[in-house]
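Results of the structural survey
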Amino acid sequence: MADHHVRVLTDDELRPSLELFRAATHRPPDSDANWETLRHGYPPGRQFGVFSGDSLTGMAHTFGARLRTPGGVVPMGALTKLGVRADHTRRGIAGALVRHHLRDCTERGEIVAGLRASHTGIYGRFGYGIATNARQYNLRPGLERLHADAPAGGSVRLLDRTEIGKTVPGLVERIGLYRPGMMSRPAEWYAAHLDLPLNKGEDIRFAVHSGPDGDDGFVGYGTVHDGNWAEHSFRTILEVQSLYALTPQVYAGLLRFLLSIDLVDEIRLWQRPFDEPVEWMLQTTESLVTRHHSDELWLRLVDVPAALAARGFPDDVELVLEVRDGFLPENTGRYRVRGAEVGRTTAEPDLTLSASALSSLYLGLATPATLAGAGRLIGRDEESLTRAGRMFLTPQSPWCGTFF
Ligand SMILES: CC(C)(COP(=O)(O)OP(=O)(O)OC[C@H]1O[C@@H](n2cnc3c(N)ncnc32)[C@H](O)[C@@H]1OP(=O)(O)O)[C@@H](O)C(=O)NCCC(=O)NCCS
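How each quantity is defined
Residues numbered from 1 in each chain as written. Predicted model: local features only at pLDDT ≥ 70, side-chain atom pairs only at ≥ 80, totals over all residues. Heavy atoms only, no water. Phe/Tyr/Trp six-rings, centres within 6.5 Å; stacked < 30°, edge-to-face > 60°. Lys NZ or Arg CZ within 6 Å of the ring centre and 35° of its normal. Pairing = 2+ DSSP bridges. Helix = DSSP H or I, 4+ residues; strand = E, 2+ residues; numbered from the N terminus. Axes fitted to C-alpha atoms, helices over the stretch in contact; angles between N-to-C directions. Contact = heavy atoms within 4.5 Å. Near = heavy atom within 4 Å. Polar contact = N/O pair within 3.5 Å; in protein donor to acceptor, adjacent residues only side chain to side chain. Areas by Shrake-Rupley, 256 points an atom, 1.4 Å probe, with all protein chains shown as cover.

Turning our attention to the packing of aromatic side chains. In total, this model carries 14 aromatic pairs according to the counting rule given. Ring centres of Trp229 and Phe234 lie 4.5 Å apart, and the angle between their planes is 15°; on these two criteria the pair is classed as stacked. Site record: aromatic cluster; members linked through ring pairs are Tyr123, Phe126, Tyr128, Trp298 and Phe327. Positioned over the ring face of Phe51 is Arg7, at 4.1 Å from the centre of the ring.

Encoded structure:
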């Protein structure tokens, strides 16, 4: 990295940095019209570039958010785009950008960092681990009805297209981070993920669910078609991109609404929590097909003791963790953990693990026994693994639900 340096990008350098990313991911530059919307998506001071001489050769776009953990909400630094010019790869540029970003998180008091990985082989070495996962499932509305015992749900209303941009951010805030792994969506997030598709005229609709206490869920969806009329194979597919449901009752109300929409051959629900009770709410499950399991949020504990204390653990169990963190060595050490108390110790560890493995335990996705079986951590003995299992247990599977 001797010939390169990392610094904050100026406003004029943001568009070239996005173009660098698009080229690195094999896409053409965005149009001027798209950029007019996208340029509002960058919180100042936290977009980074690597310069080799005067040339921009790598970039990282980041923003700040809040992450729900099993015991509270913590500040998170989110890395949303990382790209290196094809003629400068494998020279440590991505590593330098991630290091710069994590240092920036430390300065901002962001005790965890998150990203979505397009290559799952890269980020473990930087201390990130898979912390939430999701499934895509498809339904055939003509064949599926909700079970008679499924909750009634409340009322559902469609938003006018002109209301969507103004209404959805407030709804997201109102409904809140109702399960571990969910993150806030800062104002800048909407530029690429809501304003751009609306301004481009994409098919995007929102329906809002209301219960006794007001709006408590929504579904965002659009349609795609396949087949053709001439061969009588034309099909309409409803793609659910986003669904927030504060309770299972709300989920039932939204699912019933989706199943009631006419002229739909298939409903595809993307990136849903694994424990969403769809199987248990349907009369029959023949048409329910789970198509895809995927990792979702990759997490990194930037300040290990602070992140452990903020997560919260049961008060009646104690555990000693030995964390090995090659990328941020200040985290390396042994920690005694009980409830919200975390302190350095010299006691013998119950678990010895990398920063990356700790990230996969943090929100309750993986169990210590599973990671031990995979060779990702060492448990002192069976009893330690069982105790650690109780310690990290969460009642719901962690789910993020926000792409960034
Ligand atoms: C992926 C990318 C950012 C890596 O940048 P880079 O500057 O070449 O990475 P570095 O030189 O810092 O490499 C860091 C480490 O990751 C490894 N690595 C880099 N790219 C990798 C890949 N695609 N698959 C597996 N490992 C990879 C390197 O071998 C290196 O390993 P080491 O620490 O054991 O030496 C770059 O290739 C790129 O821009 N790709 C296209 C865009 C993209 O995929 N972005 C990421 C997701 S949005």
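Here the narrative resumes, following the displayed structure.
With that settled, the discussion passes to the sheet that holds strand 10 (residues 214–226). Across the sheet, which stays open at both edges, the seven strands sit in the order 8-9-10-11-12-7-13 with mixed pairing between neighbours. One side of each edge strand has no neighbouring strand; the edge strands of this open sheet are strand 8 (155–158) and strand 13 (289–295). Across the sheet, the mean angle from the axis of one strand to that of its neighbour is 25°, orientation sign disregarded. Note: strand 8 against strand 9 (residues 205–211), four bridges, orientation antiparallel. Among the inter-strand pairings, Leu158 is bridged to a residue of strand 9, identified as Ala207. Set on the sheet, helix 4 (residues 161–175) makes contact with strand 8, strand 9, strand 10 and strand 11 (235–245); between it and strand 10 the angle comes to about 130°.

As a matter of local geometry, the ligand sits amid 18 residues, with Leu82, Val84, Arg90, Gly92 and Ser118 nearest to it. With respect to the ligand, the backbone of Val84 contributes an N or O atom lying 2.7 Å from an oxygen atom. A distance of 3.3 Å separates an oxygen atom of the ligand from a polar backbone atom of Arg91. Contact with the protein chains removes 70% of the 890 Å² of surface that the ligand exposes when unbound. Going through the elements one at a time, helix 1 (11–24), strand 4 (72–84) and helix 3 (93–108) are the ones with two or more residues in the shell around the ligand.

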